[in-house]
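One letter stands for each residue in the lines below.
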Amino acid sequence: MQQTCNFLGIKQDLIPVYHPQANPSERKNRDLKPRLAILVRDEHDSWEEKLPMIRFALNTAKCETTNHTAAFLQFGRELRTTDDVTHDLRALIDNDNFVDEITPYLKLFSRLTTEIKDHVEQKQDKRKMYYDRRQRQAFYKPGDQVWVTLHPISKSQNKKSRKFMPKREGPYLVITNRSPTTYDIADPAKPDEVLGTYHSSALRAYELPVSRDSGTIAPLRRRGRPKKYSADSSPRRRTSQRGSL
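No experiment lies behind these values; they were computed from the predicted model shown.

Next up on the list: the side chain of Asp184. Considering the arrangement of structural elements, one finds Asp184 in strand β3 (residues 182-187). For Asp184, a relative accessible area of 5% puts it in the buried group. Of note is the side chain of Asp184, whose polar atom sits 2.7 Å from the side chain of Thr176. Non-local contacts of Asp184, meaning those with residues more than four positions away in its chain, are made with Leu173, Val174, Ile175, Thr176, Arg178, Val194, Gly196 and Thr197.

Below you can see the structure in the form of structure tokens.
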């Protein structure tokens, strides 16, 4: 695959496993699923018939990141409905003009390209800022041992439930840093075989359990109930009595 991409001049951008934030396809799936659920209703076997309508809706919806629709970014104009096509064709016949005016579209699109790129970068920086507020970034170096987060699947035929399966597995060895947030992981017994590329959110530093010595265990401090005060001996009552005297 790598040789084919190099021959065709295709640049591959690999993403870490189990990190949907880096996969644009997962973002589109998040838009596709609720629309399918609305249109399909109880007829779950008719989902493929709803795809053309959803595709048209997604291509004509204004994207918050680019501030334009996907159709405009692809074709330089908005998609037309059946009524628009009929009206435009009638106007061409009446004006006897069948020459497409592509130059205005190209000029407009060239002016908007820089603005769109700046808008996308601003949105990416804003989302990264909000994401970093909830995350504590961890950095690893080659040779560190880490736990790897598992994503088990329940299997009723094997009487296995994901709730009772381990949430992490390790230790694994960090081989290389592909980026400040992605790392190649390998088995310590076979450090030459890379098992996969993982995002730092799926890793945790491997720490050995604290060794227990045979010293005397300190008893827990007994916590009793708070001291009770009577009506006459309460601090507030005594203060009022002193004031009256």
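Attention now moves to a nonpolar patch on the surface. Residues Phe7, Leu8 and Ile10 make up a contiguous nonpolar surface patch of roughly 370 Å² in combined accessible area. Phe7 sits in the exposed class, given a relative accessible area of 73%.

Moving on to the packing of aromatic side chains. Across all of its chains, the model carries two aromatic pairs by this definition. Centre to centre, the rings of Trp147 and Tyr206 are 4.9 Å apart; their planes meet at 50°, and the pair counts as tilted. You can see Trp147 sitting in strand β1 (residues 145-149) and its partner Tyr206 sitting in the loop between β5 (203-205) and α7 (235-244), a full 59 residues away along the chain. Here Trp147 falls in the partly exposed class, since its relative accessible area comes to 27%.

Negative charge collects at one region of the surface, where Asp42, Glu43, Asp45, Glu48 and Glu49 lie side by side. By relative accessible area, Glu49 is classed as exposed at 55%.

On to the nonpolar core, then. Counting ten residues, the largest nonpolar core is built from Tyr140, Val146, Val148, Tyr172, Val174, Tyr183, Ile185, Tyr198, Ala202 and Leu203. In this structure Val146 touches Tyr140, Glu169, Gly170, Pro171, Tyr172, Val174, Ile185, Leu203, Arg204, Ala205 and Tyr206, once residues within four positions along its chain are discounted.

Below, the discussion takes up the sheet that holds strand β2 (residues 168-177). Taken in spatial order, the five strands of this open sheet run β4-β3-β2-β1-β5, and their pairing is antiparallel. Both outer strands of the open sheet, β4 (190-199) and β5, are each paired with one neighbouring strand and no more. Across this sheet, the average inter-strand angle for adjacent strands is 50°, counted without regard to direction. In this structure, β1 lies alongside β2, joined through four bridges in antiparallel fashion. Across the sheet, residue Val148 finds its bridge partner in β2, namely Glu169.

With that settled, consider the pattern of salt bridges. Summed over the entire model, instances satisfying the criterion amount to four salt bridges. Among the salt bridges present, the one from Lys123 reaches Glu64, with a minimum N-O distance of 3.4 Å. With Lys123 in helix α6 (residues 102-134) and Glu64 in the loop between α3 (51-60) and α4 (70-75), this residue pair connects regions lying 59 residues apart in the sequence. Relative accessible area serves as the criterion here: at 55%, Glu64 is assigned to the exposed category.

On to unusual backbone geometry, then. Cis peptide bonds are those with omega within 30 degrees of zero, and the linkage from Gly170 to Pro171 qualifies with 5°. Structurally, the position occupied by Pro171 is in strand β2. Phi at Lys159 takes a positive value of approximately 55°, unusual for a residue other than glycine. Following the sequence through the fold, Lys159 ends up in the loop between β1 and β2. Residue classification places Lys159 among the exposed residues on the basis of a relative accessible area of 79%.

What counts, and where the lines are drawn
Residues numbered from 1 in each chain as written. Predicted model: local features only at pLDDT ≥ 70, side-chain atom pairs only at ≥ 80, totals over all residues. Heavy atoms only, no water. Helix = DSSP H or I, 4+ residues; strand = E, 2+ residues; numbered from the N terminus. Buried < 20%, exposed > 50% of the residue type's maximum accessible area, 1.4 Å probe, protein only. Polar contact = N/O pair within 3.5 Å; in protein donor to acceptor, adjacent residues only side chain to side chain. Contact = heavy atoms within 4.5 Å. Patch = residues over 30% accessible without salt bridge, like charges linked within 9 Å, V, L, I, M, F, W, Y side chains within 5 Å. Areas by Shrake-Rupley, 256 points an atom, 1.4 Å probe, with all protein chains shown as cover. Salt bridge = Lys/Arg side-chain N within 4 Å of Asp/Glu carboxyl O. Phe/Tyr/Trp six-rings, centres within 6.5 Å; stacked < 30°, edge-to-face > 60°. Lys, Arg positive; Asp, Glu negative; His and termini not counted. Charge placed at Lys NZ, Arg CZ, Asp CG, Glu CD. Core = buried A, V, L, I, M, F, W, Y, C linked by side-chain atoms within 4.5 Å. Pairing = 2+ DSSP bridges. Axes fitted to C-alpha atoms, helices over the stretch in contact; angles between N-to-C directions.

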